[in-house]
Amino acid sequence: MKPSPKKKTSHKRKTFYITTPIYYVNDVPHIGHAYTTVAADVLARYKRLRGYETFFLTGTDEHGQKVQQAASHHGVDPQMYADRMVVAFKELWEHLTISNSDFVRTTEERHKRVVQAVLQKLQERNVLYQASYEGWYCLPDERFWTSEDVVDGKCPECGRPVEPLSESNYFFKMSAYQDRLKRHIRKHPKFIQPESRRNEVMGFLERPLKDLCISRPRARLSWGIPFPFDPDYVTYVWVDALVNYISAPGYGSDERRFKKWWPADVHLAGKDILTTHAVYWSALLMALGLELPKTLFAHGWWTVDGEKMSKSRGNVVDPNTMAAEYGTDAFRYFLLREVPFGQDGDFSKAAVTTRYNSELANDLGNLFSRTLTMIERYSGGVVPKPHPKAVKTDDRRMAALAKELYKTVGQEMDRFAFHRALREIWTLVDFANRYVEQNAPWNLAKAPKNQARLDTVLYHLAETLRILAIYLFPFMPTTAQRMVTEIGWTTPLDQAIKPMDYHWGKLKPGRPVQKGKPLFPRMEPPTGITKQETVEAATPSKEIRMESTQTEPSLITMDEFRRLELRVGRVVSAEKVAGTDKLLKLSVDIGTEIRPVVAGIATRYAPDLLIGKMVILVANLKPAVIRGIESRGMILAAGDKEVEALATFLEPVKPGSRVK
RNA sequence: AGCGGCGUAGCUCAGUGGUAGAGCAGGAGAAUCAUAAUCUCUUGGCCGGGGGUUCAAGUCCCUCCGCCGCUACCA
């Protein structure tokens, strides 16, 4: 496909370009952000170790309505707000020893220019069109409403009259790429991973793809990147955000650099933003005439103590706290060892502690510790010299296993199977522990005639640890560096190490070892109620807490609560909405009027049973049209996804009474 | 509802038509270099239920039950 001038290819280094999503600055970083970024960091470090020139990109997404609103809520301009919020991310990446090559912010000039260039190009390629539609505008609120939103000619938000408005926007002909995209996915099995996600996207593409609205009228939303050819519009945030993957490596500004990195080798993303990446982004790239990324990997989500993580539950895990409590390396290790990448996992202190104690402290940390002690005691504190004649089968097996790791770990890493890669590494840790028992250096040390054998055994252990450190480095960079340093191998692991360094025997005898504190001091298993502790653990650190209260107040004031108009209602009629499973159409008497309400409770309640029941109605909820039926209010019921129980009253009450 | 996936040891999960496995937890022992860390042995299974194909089914097919994901209207 590509012309390959001999000179160039022979000089060309292997490259690797990996990205995380850019994170929306409206959110304080949590374990989910940390997970993606740590995984990306591990892959980046792994590739660097194997001689790849690596570009590892992360950043922040700073435009859009939510940021604008949050900023005005705090009485600052959006840029200032974003500047403040971005700090939490940058600091977290430092705490987690993230080795990103660049950090792109969508408010940076270099990015904005590229977004505009992209729009210009799309315009030139005739894949944009303007379409208008009718609606209503509330002047004082500066908000656009569709005719479905509007109640009696009034703004559903403030109740003031609205004016008719004809609004238009730019649309991207995404539908035109549906077939091509399907073909691409079919042809490239590794494009979307894991496979289950790939199937989902294929399923999504089975139905007709709509065009994508990629603009917002500036009059409604000013915090965005202006359209280059129409100053009345700003760019839809998702388009703005996705473009970061090409703006940072130099699209439209440095073609040579861009060519070097694009297409990206891996986009990592959470499963929640799979569609935007797999469909929107792919279609945009096709429209631009660019290659698609080689792999898009959608990873799973973490629950906490078996429950969904959410602000209202107050169980949001703060990665800063976890790193402080267990150590950055142990936290990184746990994230990637506990759960197959791609699947959902559960985070609990008990699980972290178990893995920490048994795998890090007992298996690895103790192996390291006992080896160094023996070298200090039986070899005068210097790396002993192995004697070829004293080498036994067991030693060769261990060396062979160490050699095999290059392949086995590599295979798993290339499949994003971090947990399997670690398991491979641990086969060597386990082997080494058995090796110690079987060769019992403390017995050899009892007779001087065994010195050659003793030296050989200890050398094999030291060399095994050196090689282990190389494989562990992507996961636990600080620990790995400590290991090699203490064992007398002074190579900085973060400089791309040489292929030879993976080979057995690179550790030079005669160098002094220096035993430090335990790598992973054992921890007490969590006591008491785990849940409580997790909530406590999730309490944001000082700086974060400030940000947190600023942006995401989890408590509301009395005044805010009073904005809710809750009223007693009596169900006067109920019927199933045709063609749905969950929806019931109710008529609810609230004293002054009878409200039509569509409720998603049909799986729990037969219509007849509801008639006459007293319910709680949110009376000032913005009306909506569901399945062509106007719903003017919402009735309260317990349950998350599935309705469990309808809220009603112990005593008889009059319809229309206020509930507070 | 449509499409897809899962159900295997107390827990988390591997398992390629040919003797059911690993880690953790549980039980017994050995050793003393080590962070009481390690090592050895070991208990534990109607492989969700039922039917079928096959010399042979955890594995392939059908069906039922239960759970999950995506999609569609969850106000």
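Preceding this paragraph is the structure being described.
Our subject in this report is the structure included herewith. All values reported here derive from a predicted model rather than from experimental measurement.

About the criteria used
- Residues numbered from 1 in each chain as written.
- Chains lettered and ligands numbered in written order.
- Predicted model: local features only at pLDDT ≥ 70, side-chain atom pairs only at ≥ 80, totals over all residues.
- Heavy atoms only, no water.
- Bend = angle between axes of the 7 residues up to and from the residue.
- Helix = DSSP H or I, 4+ residues; strand = E, 2+ residues; numbered from the N terminus.
- Salt bridge = Lys/Arg side-chain N within 4 Å of Asp/Glu carboxyl O.
- Buried < 20%, exposed > 50% of the residue type's maximum accessible area, 1.4 Å probe, protein only.
- Pairing = 2+ DSSP bridges.

**Let's talk about helix α14 (residues 349-378)**
Along its length, α14 shows its largest kink, about 35°, at G365. At the exit of α14 stands G380, carrying a positive phi of roughly 65°.

**A few points about the pattern of salt bridges**
Going through the model one piece at a time under the given rule, you end up with 25 salt bridges. Residue E325 is joined to K349 by a salt bridge in which the shortest nitrogen-to-oxygen separation is 2.7 Å. One end of the pair, E325, is in helix α12 (residues 319-326); the other, K349, is in helix α14, with 24 residues separating them in the sequence. For the salt bridge of E359 with R355, the shortest nitrogen-to-oxygen distance reads 2.6 Å. One end of the pair is E359 and the other is R355, both in helix α14 and four residues apart, which spans about a single turn. Side by side, E359 and R355 carry an identical accessibility label, which is buried. Shared partners join several salt bridges into a network, and the residues in it are R337, E338, R355 and E359.

**A few points about unusual backbone geometry**
Among all residues save glycine, negative phi is the norm, and among peptide bonds the norm is trans. Cis rather than trans, the peptide bond between Q193 and P194 has omega equal to -5°. Relative to the assigned elements, P194 resides in the loop between β7 (192-193) and α7 (195-204). With omega at 0°, the peptide bond leading from W262 into P263 counts as cis. Within the secondary structure layout, P263 lies in the loop between α10 (255-261) and β12 (266-270). Of note in the backbone geometry, A440 takes a positive phi value of approximately 35° without being a glycine. Among the secondary structure elements, A440 is positioned in the loop between α16 (418-439) and α17 (441-444).

**Considerations on the sheet that holds strand β15 (residues 307-308)**
Here we have three strands laid out as an open sheet, ordered β15-β14-β16, and mixed in their pairing. The open sheet has two edge strands with one neighbour each: β15 and β16 (345-347). Bridge analysis of strand β14 (residues 302-304) against β15 gives two bridges, and the strand direction is antiparallel. Looking at β15, one finds that T303 is bridged to K308.

**Thoughts on the sheet that holds strand β10 (residues 226-227)**
Strand order in the open sheet formed by three strands is β9-β11-β10, and the pairing between neighbours is antiparallel. On the outer flanks of this sheet lie β9 (215-217) and β10, each paired with one strand and no other. The pairing of β9 with strand β11 (residues 230-235) spans three bridges and is antiparallel. Among the inter-strand pairings, S215 is bridged to a residue of β11, identified as T235.

Everything listed is a geometric property; what it means functionally is a separate question.
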